[in-house]
Amino acid sequence: MLPIESFSIYIMFCVLVPLAGAFTLLFLFVFEKRIDLLEKQKREIALERELQTALYNQLNQEIQPHFFFNTLNSILALARLDRKTELIRSIETLSKLLKFKYRTINNFISIEDELTYVNYYLEIQKTRFRDRLHYEIHLDNCVNKAIIIPFLIQTLVENAFKHAFERHIGEALLKIKIIKIESAIHVSVWNNSLENYETSPPDGGLGLENIKRRLELLFPDDETSVQLTDQEDGTAVLAIFPHVIMSEKLEGESMQ
Amino acid sequence: MKKTDFQYYIGGAFQLGIGFGVVSLLSRWVTGNTILSSPETIIKYGLTGGIGYSLMGALALILFGILAKKIRDRFHDQQTIGDVLRQRLTPLGYWFMISILLVISFHSIFVQAMGAGILLHMIFPLPVFSGMVFFLLFCFFIGGAGGIHRIHQLAGINVVLIFSAVIIIPVYFYIQEGVYPVYEGIKLYHPYILYVKNMEAIWFILTAILIGFGQVIIDRATWQRVFIIKKEKLRMTFTLAGLIWATIPLALSSLIMIIIFGRSYDSIYSLLFELIGKINSTLLIVLFVLFCFSAISSAISAELHAIVSLIIKNIVGMLRPLNNKEKWRFTYLFSGAICLLLLFIVSILPPSPIELLFFFGNIYASMIVPMLYIILGSKTLPALIPLASVIGTAGGFAALPIMENLLTIWISFSLSSFLCLGYFIYNLLRTKLTVKV
């Protein structure tokens, strides 16, 4: 049988635990928003740091002399041939591309915007590769306004040029596919090269790692993945992340 | 989203954080059952039983919290348990499961209403009918017609009242009486309560966890809350709700000691309400009555809201397409009809409590594995899975004359589990053979 001492402790426990419960609730009501805000700020700082790394990688990798000189040479060739319209278009596109690279400071942009800049890049590459390059962009109607981390598609496309098309002769085929499956967005960038470019470090692997980390930071509670696969007819990179509409994300952030 | 939109009635306009999520779950789960069953467990199984009862609720909510995250990940576009069942079951299985849910829902809301009836009978010298009219009218306006928005507006007040009562009243009494006289009184009149080394109590705790988890996993109102709490906060919300909920039966068990320490009792279920006779402060009587009413009314409102949502969205809405106006009209109609039915039954039946804790325990236990299969499985499931729960329940009830109550609940659980496991293995083998061929 329970002695009086234990009984007293039991009663004390029974009387005091609701008090602890009530305090917990009170604490949640007072501090929950602040804790959320701190967590959000911490995540944003990490995301910004990763974005800076991505920017650095981008500038370091792709605005590298050989891309820049090749582009300038193509532009020079256009000038010598007196193809004024194409010349103006090329300089304009290069300027817009550089502007995007230097000015992007947001942690997320819309897929529509990301694709605009990918198109600038592809346009420049088209002046270099001419008929060798064929590209297709397949986009689901509903994903235009969804968010994506900046430079995701851009990095994958640039990797394709760097590790595949610039190294090999022959046709350069590139397919970009952005589709919505259930509540996730699947971005795949396929090229017809059979060389696995993750085996050519450090920049290819570094780029994918950076994308992985940034996706995890932007969507901390959802599943994200970035996978490189060697297929029979080429190499593809598939990035999966949740479908979140730009306006919803901005609204959610302003509410917090 | 407009306030006149039916989606607003079911899920409200915004997602809840941990604080509001916990309050919403507490106002759903601190019910008439909590008030009526706590005395039963403490009398039947002693202090260990009291702790076990708290543990049951806490574990049930914590375990469901783990599932809740998965539910939200897999069925992110849904709003009710019915929506998920429609997605995962064949039409036959769906209608079968909806029928079981309706039976359980009506039983659950009826038990709550009976609790309110007993309370009214004990407090006011009026016929139960007149008190119940006001009480059910209140529930109709909050849960039936008001929707989740109105329920959440009152949830805060409910939780404040609940905690005020369970903190202030025991402190007041133990300061007034002291622990020693209570201990001596219990030792004299009810010494069995003080025996803690009691294997039966452990057996009871394990079974209670099974029933509690079964109750939560098919609770329509809790499922609705899974879809309105922020996804990243679901697990934490359910864990905290479980832990905070567990404090309430503990406080109630300390109140029971106050009531029974100087005498014996007639009915276990009305024990806690007899506290009113013991309290000599008007303020505390008002607080206690408000506590009981707010606990029962918030549970009935949440149940009513969940049943009506289920009926409109997953039964009537499936039979014929409804426009927004019709949905609202049916909402008023069905919630009014349910309240009238409750009023009718509670007024006719004598205000005596029914066996609460283990009544329907068989159904709850046999529902666990089929529901887990529905939530975690990957293919559309046939009617056999919901049927497994009915077979499990029937098996449990059939064993009732030859076995003790607790054991039949385990039989129900095992039967439905075996059936689900059998189907799982059969399905696995069939898939493998098909692949080989």
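The paragraphs below set out a description of the structure included in this document.

Rules and cut-offs
- Residues numbered from 1 in each chain as written.
- Chains lettered and ligands numbered in written order.
- Predicted model: local features only at pLDDT ≥ 70, side-chain atom pairs only at ≥ 80, totals over all residues.
- Heavy atoms only, no water.
- Helix = DSSP H or I, 4+ residues; strand = E, 2+ residues; numbered from the N terminus.
- Rg over C-alpha atoms; globule rule 2.2 N^0.38 Å.
- Buried < 20%, exposed > 50% of the residue type's maximum accessible area, 1.4 Å probe, protein only.
- Contact = heavy atoms within 4.5 Å.
- Areas by Shrake-Rupley, 256 points an atom, 1.4 Å probe, with all protein chains shown as cover.
- Arc of directions from axis to C-beta.
- Axes fitted to C-alpha atoms, helices over the stretch in contact; angles between N-to-C directions.
- Parallel < 35°, antiparallel > 145°, perpendicular 65-115°, else oblique.
- Left-handed = near helix turned anticlockwise from the far one by under 90°.
- Nonpolar A, V, L, I, M, F, W, Y, C, P; charged D, E, K, R; others polar.
- Pairing = 2+ DSSP bridges.
- Disulfide = S-S within 2.5 Å.
- Phe/Tyr/Trp six-rings, centres within 6.5 Å; stacked < 30°, edge-to-face > 60°.
- Lys NZ or Arg CZ within 6 Å of the ring centre and 35° of its normal.
- Salt bridge = Lys/Arg side-chain N within 4 Å of Asp/Glu carboxyl O.
- Buried area = accessible area lost by both parts, 1.4 Å probe.
- Polar contact = N/O pair within 3.5 Å; in protein donor to acceptor, adjacent residues only side chain to side chain.

### Structural notes on the overall build of chain B
Helix and strand counts for chain B stand at 16 helices and zero strands. Computed over the C-alpha atoms, the radius of gyration of chain B is 22 Å, within 12% of the 22 Å expected from 2.2 N^0.38 for a compact globule of 437 residues. Counting only C-alpha atoms, chain B reaches 75 × 50 × 45 Å along its principal axes. Residues counted as buried form 61% of the 437 residues belonging to chain B. Counted over contacts in chain B with a minimum sequence separation of 6, partners at least 24 positions apart contribute 83%. Of the roughly 17,100 Å² of accessible surface on chain B, 72% is carried by carbon and sulfur atoms.

### Section: the overall build of chain A
In terms of helices and strands, chain A carries seven helices and seven strands. Going from N to C terminus, chain A has its helices and strands arranged as α-α-α-β-α-β-β-α-β-β-α-β-β-α. A total of 256 residues make up chain A; the buried ones form 46% of that total. A fraction of 76% describes how many contacts in chain A between residues 6 or more apart in sequence connect residues 24 or more apart.

### Some thoughts on helix H7 (residues 179–189) of chain B
All names here are of chain B. For H7, the set of buried residues is Val182, Tyr183, Gly185 and Ile186. Along the axis of H7, the buried residues cluster in a sector spanning 165°; they form a single face. Seen from the open side of H7, the exposed residues pointing more than 90 degrees away from its buried face are Tyr180 and Leu188.

### Examining the packing of helix H5 (residues 91–123) of chain B against helix H6 (residues 128–177) of chain B
All names here are of chain B. Two numbers describe how H5 lies on H6: the axes approach to 9 Å, and their chain directions differ by 125°. Considering their axes alone, H5 and H6 lie oblique with respect to each other. By crossing handedness, the relation of H5 to H6 is classed as right-handed. Contact residues: H5 offers Ala113, Ala116, Gly117, Leu120 and His121, while H6 offers Val128, Gly131, Met132 and Phe135. Per-class residue counts for the contact of H5 with H6 are six nonpolar, three polar and no charged.

### Structural notes on the sheet that holds strand E6 (residues 225–231) of chain A
All names here are of chain A. Across the sheet, five strands lie side by side as E2-E4-E5-E7-E6; this open sheet has mixed pairing. Because the sheet does not close on itself, it has two edges, and the strands there are strand E2 (133–139) and E6. Each neighbouring strand pair of the sheet contributes to a mean axis angle of 10°, computed without reference to strand direction. Across the sheet, helix H4 (residues 111–129) lies against E2, strand E4 (172–181) and strand E5 (184–191), angled at about 170° from E2, the strand it touches most.

### Here's the deal with the state of the cysteines
Formally, a disulfide is one covalent bond, and it connects the sulfur atom of one cysteine to the sulfur atom of another. Following the criterion strictly, the structure yields zero disulfides over all chains and no others. We note that B:Cys339 lacks a disulfide partner, and the nearest cysteine sulfur, in B:Cys139, lies 6.6 Å from it.

### Description of the environment of B:Asn427
All names here are of chain B. Mapped onto the secondary structure, asparagine 427 falls in helix H16 (residues 405–436). Classification of asparagine 427 by relative accessible area gives buried; the value is 9%. C-alpha separation for the pair asparagine 427 and phenylalanine 124, spaced 303 residues apart in sequence, amounts to 59 Å.

### Digging into the packing of aromatic side chains
Overall, the coordinates contain 27 aromatic pairs over all chains when judged by the stated rule. Their ring planes at 70° and their centres at 5.1 Å tell us that B:Tyr94 and B:Trp95 sit as a pair that is edge-to-face. For B:Tyr94, a relative accessible area of 2% puts it in the buried group. Each residue in the set A:Tyr121, A:Phe129, A:Phe161 and A:Phe165 is aromatic and connected to the rest through ring pairs, giving one cluster. When the ring centre of A:Trp190 is taken as reference, the NZ or CZ atom of A:Lys175 above it lies at 5.0 Å.

### Quick notes on the pattern of salt bridges
When their charged atoms lie close together, side chains carrying opposite charge are able to pair. Residue and element names in this part refer to chain B. What the rule picks out here adds up to 18 salt bridges over all chains. Of the charged contacts, one joins aspartate 219 and arginine 28 as a salt bridge, the two residues approaching to 2.6 Å between their closest N and O atoms. Placement of aspartate 219 in the loop between helix H8 (199–217) and helix H9 (220–226) and of arginine 28 in helix H2 (residues 18–29) is noted, with a sequence separation of 191 residues between them. Judged by its relative accessible area of 2%, aspartate 219 falls in the buried class. Overall, arginine 28 belongs to the buried group, its relative accessible area being 3%. For glutamate 326, the salt bridge is made with arginine 320, and the minimal N-O distance between the two is 3.4 Å. With relative accessibility at 16%, the residue glutamate 326 sits in the buried group.

### Some details on the interface of chain A and chain B
Taken together, the contacts link 25 residues of chain A with 40 residues of chain B. In total, chain A and chain B occlude about 2,800 Å² of area from one another, counting both sides; carbon and sulfur atoms represent 77% of this. Considering only the side of chain A, the residues that lose the most area to chain B are A:Met1, A:Phe7 and A:Tyr10, jointly responsible for 23% of the buried surface there. The tally of links from chain A across to chain B stands at three salt bridges. When the shortest N-O distance is used, the salt bridge between B:Lys233 and A:Asp36 registers 2.3 Å. Summed over the shared surface of chain A and chain B, the number is eight residue pairs in polar contact (both at pLDDT 80 or more). Among the residues forming the side of chain A that touches chain B, the class breakdown is 17 nonpolar, four polar and four charged.

The analysis is restricted to geometry; functional conclusions fall outside its scope.
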